[in-house]
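If you want the building blocks of each chain, they are given just below.
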Amino acid sequence: QVQLVESGGGLVQAGGSLRLSCAASGRTFSTSAMAWFRQAPGTERDFVASISWSSLIIRYADSVKGRFTISRDNGKNTAYLQMNSLKPEDTAVYYCAAPKNKGYSGLGDNEYEYWGQGTQVTVSS
């Protein structure tokens, strides 16, 4: 069993920054890829970013490239999503996720078995 707990969401003005954290327990975090997804009201859940266990493979959705940075601290069992230059269209519930196959760091949400409860990010214009 894996538990994921996100934190760091909130309300920010456009152009501002937030840093999301995802604390993991119940699994060997250091050997598992991690990912962030988001879901806005009335839309499907979308891939945001992923990072391999070694941090050597990192992927971003085109919509966040150059603005968001995913990272991890294996010693703290925590993954992060630094979000800069936020836009109103970034408003969504953000979820961290861990894959069924610990080596998977792709974009398909059906490959991720463990999900956090989500944290709301609201960007005002």
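In case you missed it, the structure is sitting above this.
Small disclaimer: the values here were computed from a predicted structure and weren't measured.

Chemist: Outline the pattern of salt bridges, supporting the account with residue identities and numerical values.
Modeler: A pair can form between side chains of opposite charge whenever their charged atoms are brought close. In this structure the tally under the stated criterion is 4 salt bridges. Residue Lys 65 is joined to Asp 62 by a salt bridge in which the shortest nitrogen-to-oxygen separation is 3.2 Å. The class for Asp 62 is exposed, based on a relative accessible area of 66%. The residue Asp 90 makes a salt bridge to Arg 67 at a minimum N-O spacing of 2.7 Å. Taken together, the residues Asp 90 in the loop between β8 (78–83) and β9 (92–99) and Arg 67 in the loop between β6 (58–60) and β7 (68–73) connect sequence positions 23 residues apart. For Asp 90, a relative accessible area of 1% puts it in the buried group.

Chemist: Explain the pairing of β7 residue by residue, including any values.
Modeler: Residues Phe 68, Ile 70 and Arg 72 of β7 are buried on one face, while the alternating residues Thr 69, Ser 71 and Asp 73, pointing to the opposite face, are not. Note: β7 against β8, 6 bridges, orientation antiparallel. Looking at the pairing, Asp 73 lines up with Thr 78 of β8. Where β7 folds back onto β8 in an antiparallel hairpin, the turn is made up of 4 residues, including Asn 77, whose phi is positive at roughly 50°.

Quick notes on the rules
- Residues numbered from 1 in each chain as written.
- Predicted model: local features only at pLDDT ≥ 70, side-chain atom pairs only at ≥ 80, totals over all residues.
- Heavy atoms only, no water.
- Salt bridge = Lys/Arg side-chain N within 4 Å of Asp/Glu carboxyl O.
- Buried < 20%, exposed > 50% of the residue type's maximum accessible area, 1.4 Å probe, protein only.
- Helix = DSSP H or I, 4+ residues; strand = E, 2+ residues; numbered from the N terminus.
- Pairing = 2+ DSSP bridges.

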